[in-house]
Amino acid sequence: MADEQSEAPDSTAVRTALWRAMHVRTDPPPHVVEDEIGLRIAAPGADWRDRPDMDPHATSAFRAAMVARARFIEDLITEQADRGVTQYVILGAGLDTFAQRKPEIAARLQIFEVDRPGPQAWKRRRLVELGYGIPEWLHLVPVDFEVGASWPDQLAAAGFDPGRPAVVVSTGVTMYLTEEATVATLRQVAALAPGSTLAMTFLLPAELVDAADRPGLRASTEGARASATPFISFYTPQDMLTLAREAGFKDARHVSGASLAGRYFAGRTDGLRPSSGEDFLLAAT
């Protein structure tokens, strides 16, 4: 059996973390999100900024999209915590750093990071090595989806209270899953306590992406296929809203990438704007 601790996070999780750091190091303030902790965890080596996918100009729109996504989630969690919600579930947590960046908010919550056992064991080790540790309110929940493990069951075993509302976040995941798998997740979240919220990203079909961003979408799609992690699912906003309502959510809203661009990048003089192509489903039980 392979040593779980040697299984580093996948390239997508690392790239997302490095883009958040590039935003701080390359783009002028104000920064939409300030996160160099993911860079510290990933420890990519001294020449990481020379990687083609870190080109400060060619990949700026993707970098901006990732920090907009992170900021939207951060604002949502802060808002929900202020409303009294005390449970936060991250499906496919990767190198998420909310717990380390925002301890004053995180300590008011029970945070459950759900991920595959190997990469999660690696992240646990890195957090300890860097001195962050694993506070009692942070629960790293390993779930082996490939053998059919149930994340709600594993959550409950880790201390999650299904009788109390939660915020559940799934970003950068649905494009890798079949529609059936995404519907199963929607139904599982919709069955949580009233007052729970789901924020889930999805990729738009190419015809709904701004023309200027379609070459980037094609490049991302080809890169994912070459990495043996192909994008297999794209949704129109109406299709995603329909799936959410059919799954049992009382309320479902579409949050476009363009609206996040207006919210977080208005007034910038450097021209930094997120690419289109990835939107949010925001649904409530």
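Here we summarise the structure given alongside this text. One numbering rule holds for all chains: residues counted from 1, following each sequence as written. Local features in this predicted model are restricted to residues whose pLDDT is 70 or higher, and side-chain atom pairs enter the listing and the counts only when it is 80 or higher, whereas totals over whole chains, interfaces and linings include all residues. Computation of side-chain values: all heavy atoms of the structure, hydrogens and water removed.

### Looking at the nonpolar core
Phase 1: What we call a nonpolar core is a set of buried Ala, Val, Leu, Ile, Met, Phe, Trp, Tyr and Cys residues that are connected through their side-chain atoms within 4.5 Å. When accessible area is computed with a 1.4 Å probe and restricted to protein chains, residues below 20% of their type maximum are described as buried, those above 50% as exposed, and intermediate ones as partly exposed. With 34 residues, the main nonpolar core has Tyr-88 and Ile-111 as its most contacted residues.
Phase 2: Of all the elements in the fold, those that place two or more residues in this core are α3 (60–82), β1 (87–91), α4 (98–101), α5 (103–106), β3 (138–142), β4 (167–170), α11 (257–265) and β7 (278–284).
Phase 3: Per-element tally for this core: the top contributor is α3, with 9 residues.
Phase 4: Aside from chain neighbours lying at most four places away, what touches Ile-111 is Tyr-88, Ile-90, Phe-98, Ala-99, Ala-106, Trp-137, Leu-138 and His-139. Helix and strand definitions follow DSSP, with helices as H or I runs of at least four residues and strands as E runs of at least two, each counted in order from the N terminus. In this analysis, two residues are considered to be in contact whenever any of their non-hydrogen atoms come within 4.5 Å of each other.

### Some points on the pairing of β3
Phase 1: Counting buried positions over the 5 residues of β3 gives 4, a clear majority of the element.
Phase 2: We call two strands paired when DSSP finds no fewer than two bridges between them. Pairing geometry for strand β2 (residues 110–115) and β3, over 5 bridges, is parallel. The partner of Phe-112 across the bridge, within β3, is His-139.
Phase 3: Since β2 and β3 lie parallel, the crossover through helix α6 (residues 117–129) that links them has a hand, and here it is right-handed. Orient the strands so they point away from the viewer; a crossover is then right-handed if the path from the first strand over the helix to the second runs clockwise.

### Let's talk about the sheet that holds β1
Phase 1: Pairing is mixed in the open sheet, where 7 strands are placed in the order β3-β2-β1-β4-β5-β7-β6. On the outer flanks of this sheet lie β3 and β6 (251–255), each paired with one strand and no other. Between one strand axis and the next, the sheet turns by 20° as a mean value, whatever way the strands run.
Phase 2: Looking at chain direction, β1 and β4 are connected through 3 bridges and run parallel. In the sheet register, Val-89 faces β4, and the bridge partner there is Val-168.
Phase 3: Only C-alpha atoms enter the line fits that serve as axes; for helices the fit covers just the stretch in contact. Angles between N-to-C directions range over 0 to 180 degrees. Across the sheet, helix α8 (residues 179–190) is in contact with β1, β4, β5 (197–203) and β7; its angle to β5 comes to roughly 165°.

### A few points about helix α1 (residues 11–26)
Phase 1: In a regular helix each residue adds 1.5 Å, so 16 residues correspond to 22 Å; α1 covers 21 Å between its end C-alpha atoms and thus fits that length.
Phase 2: Close packing links the buried residues of α1 with α2 (37–42) and α3.
Phase 3: Residue Asp-10 occupies the N-cap position of α1, its side-chain oxygen lying 3.1 Å from the main-chain nitrogen of Thr-12. Multiplying 1.5 Å by the residue count of a helix minus one yields the expected span of that helix. Pairs of N or O atoms are called polar contacts if they sit within 3.5 Å, as long as, within protein, a hydrogen donor faces a hydrogen acceptor (for residues adjacent in sequence, only side-chain-to-side-chain pairs).

### As for the packing of α8 against helix α10 (residues 237–247)
Phase 1: Interaxial distance between α8 and α10 falls to 8 Å at its minimum, and their mutual angle equals 50°. The pairing of α8 with α10 is recorded here as oblique in orientation. Seen from above, α8 lies across α10 with right-handed handedness. Taken together, the residues of α10 that come into contact with α8 (itself represented by Glu-179, Val-183, Leu-186, Arg-187 and Ala-190) are Leu-243, Ala-244 and Ala-247. By the definition adopted for this analysis, an angle is roughly parallel if under 35 degrees, roughly antiparallel if over 145, roughly perpendicular if from 65 to 115, and oblique otherwise. Each crossing is labelled by how the near helix is turned from the far one, with a counterclockwise turn of less than a right angle marking it left-handed and a clockwise turn marking it right-handed.

Remember, this is a structural readout, not a statement about activity or role.
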